[in-house]
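Structure at a glance
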Amino acid sequence: MKKPVVMIVGALAAFAVGAGVYAASPQKPSEPAAKESKQEEKGHEEEGVVEMADAKVASSNIEILSASQATLNDSIVLNGIIQPNQEMLVHVTPRFPGVVREIKKRIGDPVEKGELLAKIESNQSLTTYEMRAPISGTVIDRQISLGEYASEQKPSFIVADISTVWVDLSVYRRDLSRVKLGDPVVIDVGDGGKPIESKISYVSPVGSSDTQSALVRAVVQNEGLRLRTGLFVSARLILSAKKVPVAVKAAAIQSVESRNVVFVRNGNKFEARDVEIGARDPENVEIVFGLLEGDKYAAKNSFIVKAELGKGSAGHEH
């Protein structure tokens, strides 16, 4: 009898062990699910964040700047043309009509006061007299050729001191009441160089019936003879200025899900930071809330960061 009892007890023990193993086994399939859940939770925590190494930032030409104080300018954009300074310009006319026997200067040549420009043979006396520069400057026009008849009714040369030039700008009548003498103006020459700062020195009392605009003028120093008369320019006329404590470049503002964001740089990551916008001008935007002075952000080409964020969002969709 003892042997059957031992066998029964052994069988019960084996059954109990098997039941314990079976009871524990369903927990193991749940471990990958838990791990996946943690990864998913981590992914949600990283929403609005784009990881981008410094090398990729540099190769994408993404400009990193710091949020800082700035002066916002209320301004209007004007078009204009560079003109010779008429107060520093002389028309050189023959004293007597005659035939041009010699020409010493061409358009573009610099001249000193009293320097020989040409020789004319007078029709009256048949003697040759000299035509000389009345001021120092540059020959900007010549209306005579060798051997032709020169008349005292028409200038033979125009000599101008082009160390200063006039920048004549057109202002539409809706803006005329806002323009005053002394207003600052920033002139874009269009040659890729630094804009030139000057002030309005003249506002015309009459307007043009054709363009319904009036002329305003700035006298500009022509350093290095960079400004060439006859060429068109654009200018930004500054009407008022406002200092703000925190501002970013206008190119930094991006729209994500109808929210204004700035991509803030933190280590190797960009964070889409929600911001509240205040005043703005063509270059800078005031940040009322969302950034602190000194925060580094993506300025130029920030749209590339937004595109990377969009790729990440698409990858998380189920």
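Overview of the structure. In this text, all values refer to a predicted model and were calculated from it rather than measured experimentally. (Residues numbered from 1 in each chain as written. Predicted model: local features only at pLDDT ≥ 70, side-chain atom pairs only at ≥ 80, totals over all residues. Heavy atoms only, no water.)

**So, the side chain of D183**
- Note on placement: D183 falls in the loop between α4 (173-176) and β13 (184-188).
- The side chain of D183 is buried and forms no salt bridge, while K180, the nearest opposite charge, is found at 6.5 Å.
- In this structure the side chain of D183 is engaged in a polar contact, spanning 2.8 Å, whose partner is the backbone nitrogen of K180.
- With residues up to four places along the chain from it excluded, the contact list for D183 reads R178, S198, K199, I200, L237, I238 and L239. (Helix = DSSP H or I, 4+ residues; strand = E, 2+ residues; numbered from the N terminus. Buried < 20%, exposed > 50% of the residue type's maximum accessible area, 1.4 Å probe, protein only. Lys, Arg positive; Asp, Glu negative; His and termini not counted. Salt bridge = Lys/Arg side-chain N within 4 Å of Asp/Glu carboxyl O. Polar contact = N/O pair within 3.5 Å; in protein donor to acceptor, adjacent residues only side chain to side chain. Contact = heavy atoms within 4.5 Å.)

**Brief notes about the environment of G193**
- Tracing the backbone through its elements, the reader meets G193 in the loop between β13 and β14 (196-208).
- Judged by relative accessible area, G193 falls into the partly exposed class, the value being 33%.
- It is 9.6 Å that separates the C-alpha atoms of G193 and R226, two residues lying 33 residues apart in sequence.

**Examining empty space enclosed by the protein**
- Considering all chains together, one arrives at 1 cavity of 30 Å³ or more under this definition.
- The computed volume of the largest cavity comes to approximately 40 Å³.
- Residue lining of the largest cavity: Q143, I144, E148, Y149, A150, S151, K154, P155 and S156, and that is the complete set.
- The class makeup of the residues in the lining of the largest cavity is 4 nonpolar, 3 polar and 2 charged. (1 Å grid on protein atoms, 1.4 Å probe; cavity = no way out; pocket = protein on both sides within 12 Å on 5 of 7 lines; lining within 4 Å. Points joined across faces, edges and corners; volume = space filled by probe spheres on them. Nonpolar A, V, L, I, M, F, W, Y, C, P; charged D, E, K, R; others polar.)

**Some thoughts on the side chain of N222**
- Position of N222 relative to the elements: it lies in the loop between β15 (213-221) and β16 (232-249).
- Within polar-contact distance, the side chain of N222 engages the backbone nitrogen of R226 at 3.0 Å.
- Here N222 is in contact with I162, S163, T164, V165 and L227, once residues within four sequence places are set aside.

**What about the sheet that holds strand β9 (residues 137-142)?**
- Sheet architecture is open: 4 strands sit in the order β4-β11-β9-β6, paired in antiparallel fashion. Edge positions in the sheet fall to β4 (89-92) and β6 (110-111), since each of these pairs with one other strand and no more.
- Here 4 bridges tie β4 to strand β11 (residues 157-160), and the two strands are oriented antiparallel to one another. What sits directly across from L89, in β11, is A160. (Pairing = 2+ DSSP bridges.)

**Focus on the pattern of salt bridges**
- In the structure shown here, the tally under the stated rule is 19 salt bridges.
- The partner of R259 in a salt bridge is D274, and the shortest N-O contact between them spans 3.1 Å. Here R259, found in strand β18 (residues 259-266), pairs with D274, found in strand β19 (residues 269-274); they are 15 residues apart in sequence, far enough to count as distant.
- By relative accessible area, which is 30% here, R259 ends up partly exposed.
- D274 sits in the partly exposed class, given a relative accessible area of 39%.
- When salt bridges with common partners are traced through the structure, they connect D74, R174, D175 and R178 into a single cluster.

**Some thoughts on the nonpolar core**
- One finds V185, I187 and V220 to be the most contacted residues of the largest nonpolar core, which totals 20 residues.
- Residues in contact with I187, not counting those within four places in the same chain, are V167, P195, I196, S198, V220, V233, S234 and A235.
- Of all hydrophobic cores here, the second largest spans 14 residues; its members include V92, A118, A133 and V159. (Core = buried A, V, L, I, M, F, W, Y, C linked by side-chain atoms within 4.5 Å.)

**So, the pairing of β18**
- Relative to β18, strand β17 (residues 254-256) runs antiparallel, the two being bridged by 3 bridges. Across the sheet, residue V256 finds its bridge partner in β18, namely R259.
- If you look at the hairpin formed by β17 and β18, you'll find 2 residues sitting between the two strands, and E257 has a positive phi there, around 50°.
- As paired strands, β18 and β19 are joined by 6 bridges and run antiparallel to one another. Of the residues in β19, the one forming a bridge with N266 is K269.

**Quick look at unusual backbone geometry**
- Of note, the phi angle at N61 is positive, near 55°, even though the residue is not glycine.
- The phi angle at E257 is positive, at roughly 50°, despite the residue not being glycine.
- Structurally, E257 is set in the loop between β17 and β18.
- What makes E257 exposed here is its relative accessible area of 69%.

Everything listed here is a matter of coordinates, which is why it stays silent on function.
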